[in-house]
Amino acid sequence: MNSARVLTALKEHSLDFYAHLIGLGILAILALLELLPVVAEPAGISAAVVATVWALVPVIFTLILVWLVDYWEPEPLWLYSFAFLWGSGVSVILGASINDFASSRLIPSLLADGATVYDVSRYTASWVAPISEEIVKGLGIVVIYVVFRKYFNGPVDGIVYGALIGAGFGFTENILYFVRNFDYLAEVFTVRFLDGPLSHDTYSALFGFCIGFAEYSRRRWALLGWTFPALVVSGLFHFINNDALNWDGMTYEKYKIVTNVPLAVVAIIMVFYARRYEKNAVLGGLEPYVRLGWFARHEVVMIGRIRYRQQAVVWAENRALKLGAPVGAGAQAMRRFQKIMLQIGHETTRAQRSNRHVDEKDRAYLSSLLAKSQTIRQVFTA
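Residues numbered from 1 in each chain as written. Predicted model: local features only at pLDDT ≥ 70, side-chain atom pairs only at ≥ 80, totals over all residues. Heavy atoms only, no water.

Q: Break down the overall build of the protein for me, with residues and values.
A: In terms of helices and strands, the protein carries 14 helices and zero strands. Going residue by residue from the N terminus, the α and β elements of the protein occur as α-α-α-α-α-α-α-α-α-α-α-α-α-α. Taking all 382 residues of the protein together, 49% fall into the buried category. For the protein, contacts bridging at least 24 residues in sequence account for 79% of all contacts bridging at least 6. Here the protein displays about 19300 Å² of accessible surface, and carbon together with sulfur accounts for 66% of that area. (Helix = DSSP H or I, 4+ residues; strand = E, 2+ residues; numbered from the N terminus. Buried < 20%, exposed > 50% of the residue type's maximum accessible area, 1.4 Å probe, protein only. Contact = heavy atoms within 4.5 Å. Areas by Shrake-Rupley, 256 points an atom, 1.4 Å probe, with all protein chains shown as cover.)

Q: Could you give an account of the pattern of salt bridges, naming the residues involved and the relevant values?
A: Taken as a whole, this structure holds ten salt bridges when the rule is applied. Linking Glu-299 and Arg-377 is a salt bridge whose minimum nitrogen-to-oxygen distance equals 2.8 Å. One end of the pair, Glu-299, is in helix α11 (residues 297–304); the other, Arg-377, is in helix α14 (residues 360–377), with 78 residues separating them in the sequence. Salt bridges sharing partners connect three or more residues here, namely Arg-149, Glu-215, Glu-347 and Arg-350. (Salt bridge = Lys/Arg side-chain N within 4 Å of Asp/Glu carboxyl O.)

Q: I'd like a description of the UniProt feature "transmembrane region" (unreviewed entry) in the protein, backed by residues and values.
A: Taken from the UniProt record, the annotation "transmembrane region" (unreviewed entry) applies to residues 17–36, 48–72, 78–98, 135–152, 158–179, 221–240 and 255–274. Taken as a whole, residues 48–72 contains 92% helix and 0% strand, while its terminal C-alpha atoms sit 37 Å from one another. In residues 255–274, the share of helix is 100% and the share of strand is 0%. The end C-alpha atoms are 29 Å apart. (UniProt positions renumbered as here; feature names shortened; annotations may be inferred.)

Q: So what's going on with the environment of Ser-234? Which residues, and what values?
A: Looking at the secondary structure, you find Ser-234 in helix α9 (residues 222–243). Overall, the relative accessible area of 0% leaves Ser-234 in the buried class. Once residues lying within four places of it in the same chain are set aside, the contact partners of Ser-234 are Glu-134, Tyr-203 and Phe-207. Engagement of the side chain of Ser-234 in a polar contact is seen with the backbone oxygen of Ala-230, the distance being 2.8 Å. (Polar contact = N/O pair within 3.5 Å; in protein donor to acceptor, adjacent residues only side chain to side chain.)

Q: Please set out the packing of aromatic side chains residue by residue, giving values where relevant.
A: Summed over all chains, the structure comprises 23 aromatic pairs. Taking the centre distance of 5.7 Å and the plane angle of 75° together, the rings of Phe-61 and Phe-193 count as edge-to-face. Here the residue Phe-61 occupies a position in helix α3 (residues 45–70), and Phe-193 occupies one in helix α7 (residues 185–194), the gap between them amounting to 132 residues. With a relative accessible area of 12%, Phe-193 lands in the buried category. Ring centres of Phe-82 and Trp-86 lie 6.1 Å apart, and the angle between their planes is 55°; on these two criteria the pair is classed as tilted. Placement of the pair is Phe-82 and Trp-86 together in helix α4 (residues 77–110), with a separation of four residues, close to one helical turn. For the pair Phe-82 and Trp-86, one class covers both residues: buried. Through successive ring pairs, a cluster of aromatic residues spans Trp-54, Phe-61, Phe-178, Phe-189 and Phe-193. For Lys-137, the ring lying beneath its charged end belongs to Phe-169, and the centroid distance is 5.5 Å. Positioned over the ring face of Trp-72 is Arg-309, at 4.9 Å from the centre of the ring. (Phe/Tyr/Trp six-rings, centres within 6.5 Å; stacked < 30°, edge-to-face > 60°. Lys NZ or Arg CZ within 6 Å of the ring centre and 35° of its normal.)

Q: Quick rundown of the packing of helix α6 (residues 155–180) against helix α8 (residues 200–212)? Include the residues and the values.
A: Where α6 contacts α8, the two axes come as close as 6 Å, and the packing angle between them is 150°. Overall, the two elements α6 and α8 adopt an arrangement that is roughly antiparallel. Judged by the sense of rotation from one axis to the other, the crossing of α6 with α8 is right-handed. Across the interface between the two elements, Pro-155, Gly-158, Ile-159, Gly-162, Ala-163, Gly-166, Ala-167, Phe-169, Gly-170 and Glu-173 from α6 touch His-200, Asp-201, Ser-204, Ala-205, Gly-208, Phe-209 and Gly-212 from α8. (Axes fitted to C-alpha atoms, helices over the stretch in contact; angles between N-to-C directions. Parallel < 35°, antiparallel > 145°, perpendicular 65-115°, else oblique. Left-handed = near helix turned anticlockwise from the far one by under 90°.)

Q: Requested: an account of the nonpolar core, with residues and values cited.
A: Nonpolar side chains tend toward joint burial in soluble globular proteins. If you look at the biggest cluster of nonpolar residues, it comprises 43 residues, and the most contacted ones within it are Ile-144, Ile-159 and Met-270. Contributions of two or more residues to this core are made by α3, α4, α5 (117–147), α6, α8, α9 and α10 (252–291). Beyond its immediate stretch of four places on either side in the chain, Ile-159 contacts Val-69, Ala-205, Gly-208, Phe-209, Met-270, Val-271 and Ala-274. With 29 residues, the next largest nonpolar core counts Val-290, Val-313, Leu-342 and Leu-369 among its residues. (Core = buried A, V, L, I, M, F, W, Y, C linked by side-chain atoms within 4.5 Å.)

Q: Which residues make up the side chain of Asn-260, and what are the values?
A: Among the secondary structure elements, Asn-260 is positioned in helix α10. From its side chain, Asn-260 meets the backbone oxygen of Asp-195 in a polar contact 2.8 Å long. There is a polar contact of 2.9 Å between the side chain of Asn-260 and the backbone oxygen of Lys-256.

Spelled out as structure tokens, the structure:
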């Protein structure tokens, strides 16, 4: 076993990758810090802390759902964190700036002279906010798609990143609502979460779901093309949530049904379809390499089920120990081997379905993944 080659194969990222990650992470954190004075101002630091704890409850709810959706091929935790920070910081600042401009200048100039404060408020909340907020949240999904492309493998990843960005946005927005209405905290919490648990995270998940199909499109400008339906779908449900109470004959009980039930049905269908789509994409993409001898049939079967992957990690650790490897090396190697297989499956299916020209850079990347898989296999095979 060549130890140097194995260690190189186990490394996942280059220095340029970390530079992009650190730069974008700093931007997201600075945006979040910019909001702290706004959060603390209405009711003081102690109230802001209490409001933050309450605002974490919907976030935990979303994290559980994200884990259930993404467990078959989970993305790295640092990218989850970046998505959440983008939503809670950058998206909130940009969205608030656009909405403030609309309510103070744009909407008053478009309405008649007799327009009331209520009119301005309704048009801003119902027509501007669904567009502006879905754009700024969707921008974070697009950033991940462009900068961290190898971690954006279709609709499931789009759902996950979108849900986390939406959860971050809702987290900060909830804190602002809670501190501004601190004397009625329980009532506001009920309205913001218990009566409407499907909100920003679900709208953004719909946006990401659409963007995920750009990976397999034949069109050169697929990302731009999928952005329009993404904005329409997410913006439509956002509009219904913000405006439905103003509709004739609408009661609060009807409102909860209108804003939650259709969205829940769409979300469930979206998740089941995306997960089946992803699994077929990976396993189908690995088939050519079984025929060519790069992977064994049992290795592809192993990738298809989480239980088989866990069993393979235990087996690889025991095998590696017998071959003289240090403790933990076999398990680490098998997990990396599995990640590479998943990525190879995605990359191959992406090229096949999009029918695009595979350039030298694409071929070199795929070749490097195949080479790494064979090198890593040496840790737990004779």
